[in-house]
Amino acid sequence: MSPAQLPVADLLLRLRRRQVAPSELLAACLARIEALDGTLRAFLYVHGEAARAEARRWDQAYARGEQVPPLAGIPVAVKDVIATRGVPTTCGSRILEGWRPPYEATVMTRLREAGAILLGKTNTDEFAMGSSTENSAFGPTRNPWDPERVPGGSSGGSAAAVAAGMAPCALGTDTGGSIRQPAGLCGIVGLKPTYGRVSRYGLVAYGSSLDQIGPLTRTVEDAALLLQVLAGHDPRDATSADVPVPDYGEALRAGIAGLRVGIAREGLDEGLQPGVRAAILQAVQALAELGAGLEEVTLPTIEYALPTYYLVATAEASSNLARYDGVRYGLRVEASEIVAMFSRTREAGFGPEVKRRIMLGTYALSAGFYEAFYLKAQRARTLVRRDFERAFERVDLVLLPTSPTVAFRLGERVADPLQMYLADIFTIPVNLAGLPGISVPCGFSEGLPVGLQLVGRPFDEPTVLRAAAAYQEATDWHLQRPPLAEAGAGGPAGGGRG
Amino acid sequence: MSPATAPEMVIGLEIHVQLQTASKMFCGCAVTFGAPPNTLICPVCLGLPGALPVPNCRALELGLRTAVALGCRIAPRSHFHRKNYYYPDLPKNYQISQYQYMDHPPLGVDGWLEFTVDGAQRAVRIRRVHLEEDTGKLIHVERDGVVTHTRVDYNRSGVPLMEIVTQPDLRSPAEAREFLVALRALLQYLEVSSGRMEEGTMRVDANVSLRAPDGSFGTRTEVKNMNSLRAVERALAFEAARQAEVLAGGGAVVQETRHWDERRQITFASRTKEEAEDYRYFPEPDLPPIVVDEAWVEAVRTTLPELPAQKRARYVHTLGLSSYDAELIVRQPRLAAFFEEALAAYPHAKTLANWLTGDVAGILNAEGKEIDEVALRPETLVAMLRLIDEGRISGRIAKELLPELVLTGGDPAALVAKRDLEQISDAADLQRLVDRVIADHPEPAEEFRRGKERALAFLVGQVMRETRGRANPELVNRLLRERLRG
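What you see is a predicted model; the values in this text were computed from it and never measured.

Some details on the overall build of chain A
Then, in step 1: When helices and strands are counted, chain A shows 17 helices and 11 strands.
Then, in step 2: For 498 residues, the compact-globule estimate of 2.2 N^0.38 gives 23 Å, and the C-alpha radius of gyration of chain A, at 21 Å, lies within 12% of that figure.
Then, in step 3: Dimensions of chain A, computed from the C-alpha atoms along their principal axes, are close to 65 × 60 × 45 Å.
Then, in step 4: A burial count over chain A gives 63% of its 498 residues as buried.
Then, in step 5: Considering only intrachain contacts with a sequence separation of at least 6, the fraction spanning at least 24 residues in chain A is 77%.

Examining the overall build of chain B
Then, in step 1: The number of helices and strands found in chain B is 15 helices and 16 strands.
Then, in step 2: With the C-alpha coordinates of chain B rotated into their principal frame, the extents come out at 95 × 55 × 55 Å.
Then, in step 3: Considering only residue pairs separated by 6 or more positions, chain B has 70% of its internal contacts joining residues 24 or more positions apart.

Observations regarding the domain arrangement of chain B
Residue and element names in this part refer to chain B.
Then, in step 1: Assigned domains of chain B: these are domain 1 (8–296), domain 2 (306–418) and domain 3 (427–485).
Then, in step 2: Centre-to-centre separation of domain 2 and domain 3, based on C-alpha positions: 33 Å.
Then, in step 3: Each side of the interface is counted separately: domain 2 has four residues, and domain 3 has four residues.
Then, in step 4: Looking at side-chain class alone, the side of domain 2 that touches domain 3 contains one nonpolar, two polar and one charged residues.

Observations concerning the packing of helix H7 (residues 220–230) of chain A against helix H16 (residues 461–474) of chain A
Residue and element names in this part refer to chain A.
Then, in step 1: The interhelical angle for the contact between H7 and H16, taken along N-to-C directions, is 155°, at an axis separation of 9 Å. On the basis of their axis angle, the class for H7 and H16 is roughly antiparallel. Along the contact surface, H7 presents Val220, Glu221, Ala223, Ala224 and Leu227, while H16 presents Glu461, Leu465, Ala468, Ala469 and Gln472.
Then, in step 2: Broken down by class, the residue content of the contact of H7 with H16 amounts to seven nonpolar, one polar and two charged.

Overview of the pairing of strand E11 (residues 448–455) of chain A
Residues and elements named next belong to chain A.
Then, in step 1: Among the eight residues that make up E11, eight are buried, leaving the element largely enclosed by the rest of the structure.
Then, in step 2: Examined bridge by bridge, strand E9 (residues 397–401) and E11 share four bridges and lie antiparallel to one another. Pairing of Leu399 across the sheet is with Leu454, part of E11.
Then, in step 3: Strand direction decides the pairing type here: strand E10 (residues 437–445) and E11, joined by seven bridges, are antiparallel. Bridge pairing links Ile438 to Leu454 in E11.
Then, in step 4: The turn linking E10 back onto E11 is made up of two residues, and Glu446 within it adopts a positive phi angle of 55°.

Let's talk about the sheet that holds strand E10 (residues 160–166) of chain B
Strand pairing in a sheet is mediated by backbone hydrogen bonds. Such pairs are either parallel or antiparallel.
All names here are of chain B.
Then, in step 1: Taken in spatial order, the nine strands line up as E2-E6-E7-E10-E1-E11-E12-E13-E14 in an open sheet, and their pairing is mixed. On the outer flanks of this sheet lie strand E2 (73–74) and strand E14 (266–269), each paired with one strand and no other.
Then, in step 2: Where strand E1 (residues 8–18) meets E10, five bridges bridge the pair, whose relative direction is antiparallel. What sits directly across from His16, in E10, is Glu163.

Details of the environment of Val463(B)
Residues and elements named next belong to chain B.
Then, in step 1: Residue placement: Val463 occurs in helix H14 (residues 454–466).
Then, in step 2: Val463 gets classed as buried once you count the C-beta atoms within 10 Å, which come to 23.
Then, in step 3: Sequence separation of Val463 and Val437 is 26 residues, and the distance between their C-alpha atoms is 6.7 Å.
Then, in step 4: Once residues within four sequence positions are removed from consideration, Val463 is found in contact with Leu433, Val434, Val437, Ala471 and Val476.

Looking at the domain arrangement of chain A
Residues and elements named next belong to chain A.
Then, in step 1: When its domains are assigned, chain A resolves into domain 1 (3–303 + 380–493) and domain 2 (305–379).
Then, in step 2: Here the C-alpha centroids of domain 1 and domain 2 sit 27 Å apart.
Then, in step 3: Those elements that provide at least two residues to the side of domain 1 that touches domain 2 are helix H13 (371–394), helix H14 (417–421) and helix H15 (428–433).
Then, in step 4: No other element matches the five residues that H13 contributes to the side of domain 1 that touches domain 2.
Then, in step 5: Taken together, the residues of the side of domain 1 that touches domain 2 break down into 19 nonpolar, nine polar and four charged.

As for the nonpolar core
All names here are of chain A.
Then, in step 1: By size, the foremost hydrophobic cluster in this structure holds 268 residues, and its most contacted members are Val76 and Ala167.
Then, in step 2: Looking at this core, the element that brings in the most residues is helix H2 (residues 22–40), giving 11 residues.
Then, in step 3: Excluding residues within four positions of it along the chain, Ala167 makes contact with Ala4, Cys29, Pro75, Val76, Ala77, Leu119, Ala161 and Val162.

Comments concerning the environment of Gly184(A)
Residue and element names in this part refer to chain A.
Then, in step 1: Mapped onto the elements, Gly184 comes out in helix H6 (residues 180–186).
Then, in step 2: Judged by the 33 C-beta atoms lying within 10 Å of it, Gly184 falls in the buried class.
Then, in step 3: In this structure, the C-alpha to C-alpha distance between Gly184 and Ala159, residues 25 residues apart in sequence, is 8.8 Å.
Then, in step 4: When sequence neighbours within four positions are dropped, the list of residues in contact with Gly184 reads Gly152, Thr402, Ser403, Ser439, Pro449, Val450 and Gly451.

Notes on the environment of Thr141(A)
Residue and element names in this part refer to chain A.
Then, in step 1: Secondary-structure assignment places Thr141 in the loop between strand E3 (117–122) and helix H5 (156–163).
Then, in step 2: Distance in space between the C-alpha atoms of Thr141 and Leu216 is 16 Å, their sequence separation being 75 residues.
Then, in step 3: Beyond its immediate stretch of four places on either side in the chain, Thr141 contacts Leu40, Arg41, Ala42, Asn123, Thr133, Pro151, Gly156, Gly157 and Ala160.

Concerning the interface of chain A and chain B
Then, in step 1: Tallying the contact residues gives 33 residues for chain A and 25 residues for chain B.
Then, in step 2: If you list the elements that add at least two residues to the side of chain A that touches chain B, you get helix H10 (305–320), helix H11 (338–349) and helix H12 (352–365) of chain A.
Then, in step 3: Sorting elements by how many residues they give to the side of chain A that touches chain B places H10(A) first, with three residues.
Then, in step 4: Among the residues forming the side of chain A that touches chain B, the class breakdown is 19 nonpolar, seven polar and seven charged.

Section: the sheet that holds strand E2 (residues 75–79) of chain A
All names here are of chain A.
Then, in step 1: Pairing is mixed across the open sheet formed by 11 strands, whose spatial order is E1-E3-E2-E4-E6-E5-E10-E11-E9-E7-E8. Each edge of the sheet is formed by a strand with only one pairing partner; in this case those strands are strand E1 (43–46) and strand E8 (293–297). In this sheet, neighbouring strand axes are inclined to one another by 30° on average, regardless of whether the strands run parallel or antiparallel.
Then, in step 2: Looking at chain direction, strand E7 (residues 260–264) and E8 are connected through five bridges and run parallel.

Reading the values: the criteria
Residues numbered from 1 in each chain as written. Chains lettered and ligands numbered in written order. Predicted model: local features only at pLDDT ≥ 70, side-chain atom pairs only at ≥ 80, totals over all residues. Helix = DSSP H or I, 4+ residues; strand = E, 2+ residues; numbered from the N terminus. Rg over C-alpha atoms; globule rule 2.2 N^0.38 Å. Buried ≥ 20, exposed ≤ 12 C-beta atoms within 10 Å, placed from the backbone. Contact = placed C-beta atoms within 7 Å. Domains from an automatic or database assignment. Nonpolar A, V, L, I, M, F, W, Y, C, P; charged D, E, K, R; others polar. Axes fitted to C-alpha atoms, helices over the stretch in contact; angles between N-to-C directions. Parallel < 35°, antiparallel > 145°, perpendicular 65-115°, else oblique. Pairing = 2+ DSSP bridges. Core = buried A, V, L, I, M, F, W, Y, C linked by C-beta atoms within 7 Å.

The structure is reproduced here in structure tokens:
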């Protein structure tokens, strides 16, 4: 097996034991990208040369037995909505094609200081608006489990990269499920931290009050390793929380016994694919056997979550995306006067889903509609949050499916936005409430992965990780590999030097 | 139109004040006037994708200080909002500001400011005080009088601004001017802003309408682009006259924005879109609410400097100045600072006030300068006044020396010596001169002897002339009287 397919924790062990060198690990990743990404299109940009130079630096550090930072030599794929200094950051949009940020996101600084190596930038729905990665201006990413199907989205590139073993781990962003849903559909782990846990500085904003950066990994342990590096107060982000960062690795070892898990009744309603329901119920059974106390909880306002989200997120997006006007960076379509330049640039630079959401948001904020839409959505948001608060009076975690279906076929929902929006019905409420949520593989339906979602109290990532780790310890869903990844793995990666 | 039937002017002002902070409102870039274009910028104030604003605590503090000094109610919790509109000087195409609606109050509301017009006290109600960020600056490049392209300088983008909005309580251009003088003084005492309209650190927009004799409010216009106090006064007068003329001709005033043209001394309607702009305000999700607790407000209140009203009262009641002199000094904080520094070394408030509001002010006015823009130092003025008190120079000589002391500075005693202006107070020296003047002018001498008091003034004048003003006038007076009556 290529080292690129191993979990981060294993790799760190092997790196320290000098069983593998950072350059070899990187070469293995690049070889798998070379072999598989023509089919999958998970990457928009591969950071080959600069990554190799960094890897050689860590080669020496490991060879000399130096004290190294926690992720030294680990390649990380980064969703292309996160600003990387000097490295193209397109947000999956023509309007930012060719833009190289003169600064880097706080998470990139943290990763760099932890020794991680930027492997490349991954495909995403344009400005993270979508649930299938089909809204990327640079073509869709495909699901490693079935290239005719979507990987989910919007962090579909990051999810596919990890699932196919092209990268050991990746960063995604989650505004309405964009980490958890593709993780679920690709059979890997995706963690959306509490709003404010990870700095948003350098995350190109979609819905500012909902956006959060988090890891996509093969194991819960890896998610904890990455979160440890990413989490913490950032003076550059006024919404980042000044809350102490616990030792997430420590939390993993506590086991699930004694934890109370609330099964959200609404999560098992009709509308769930039978195969998904079966996998979820089986997971519930497994949790019970592990010693978790199960209870039914109810989130009655969850039915308002979707419309609430599509008002709040689009309102914020309509303002956040106003800056793409051709004046300072990115695409400019010349015109004889400034207003025409603005509109021609935006007309040419944005795709249909982005335009749809800008229009929705603009409408929701317009004079005369503000109270009926934006303000009412804010009130509904409070109700959704209270639903969770009530549930957390009785339980430590709320369990929901990550997605009501397994990965759908490419093109299947493109013409029907509302159908597409339903893909996030169980993840969106968690963003509205600002809570931490994780998706872990919990089975298969029609040969495609199903994700189990566990949601915790604000800043209670330790409990979320602890329960997910215990579940993963007891199951082997996360060890399954997509057939395409196995087939494509052989030759080039085998030698370790690509 | 006779004054009796003239419609009353109704004026409300919106004042944007640039706060005296070292850095910008939401990033660490320096705030400096006149730096080369686009040298004071960063990802935040350029609105680069992914960059986030972080509030400048100092700006909050200055805003709060102003709101407290204006007697505003302070919102325990206020929000920043986004004001959405497209303009190339606005890098994010929204401005972070504070909008007032429902449960979202701005930093301060419902204050007031007292000021003096023609010796009478007036008060204007302050509607609100809020904070926001400034925009960049467009530089239009012309060739043969035609704009060929436009450049954008983002140095000003994100500079902290405070907006102060009055109720429509002002009734004449002169009132508007005096209110602005009082507000500027307050801002300077608070060390919140330099308040210089000419440099754009204080910018004033005015809403102007005419109230009909029956009391009904007229349609208002908004007047912009007034770059000095004088411009405000003239633009408002022009606009009132223009509206009156429109109404007198049976027309209707159009609600619109009008620009003051300094060169032509008129206001003109700027091209505007048909429909009113919808700014789509909503709470800024990148910034948490500003929370101001009672303790913070109290801390600000107790550390406020002496405010103009208190200062005026102290000058009148403790220092014994006339209310006219007190007002003249208090309305110019830098003059007041000069006055108080001088007073510390020379405890004769009235004398100091007389010189400062009289001869010194005259020289400053003639030069178009402020007290801190000339060479005169408080200790120089005090040294000069001491020379008078010691009888070494006369008041007349002092007035003669003053322009040089004000404009080029120096030591008054040295200047007196250099110009050989020391007063002659030696009785023996003067006696000889007095005798000669009496001998040369027997007729006036005779007149005085016969009781014509005014004749003495002539003789004194002759002695002064002989000494080029250096003779001690009181001594000359005494010596003449002794000689002529003796």
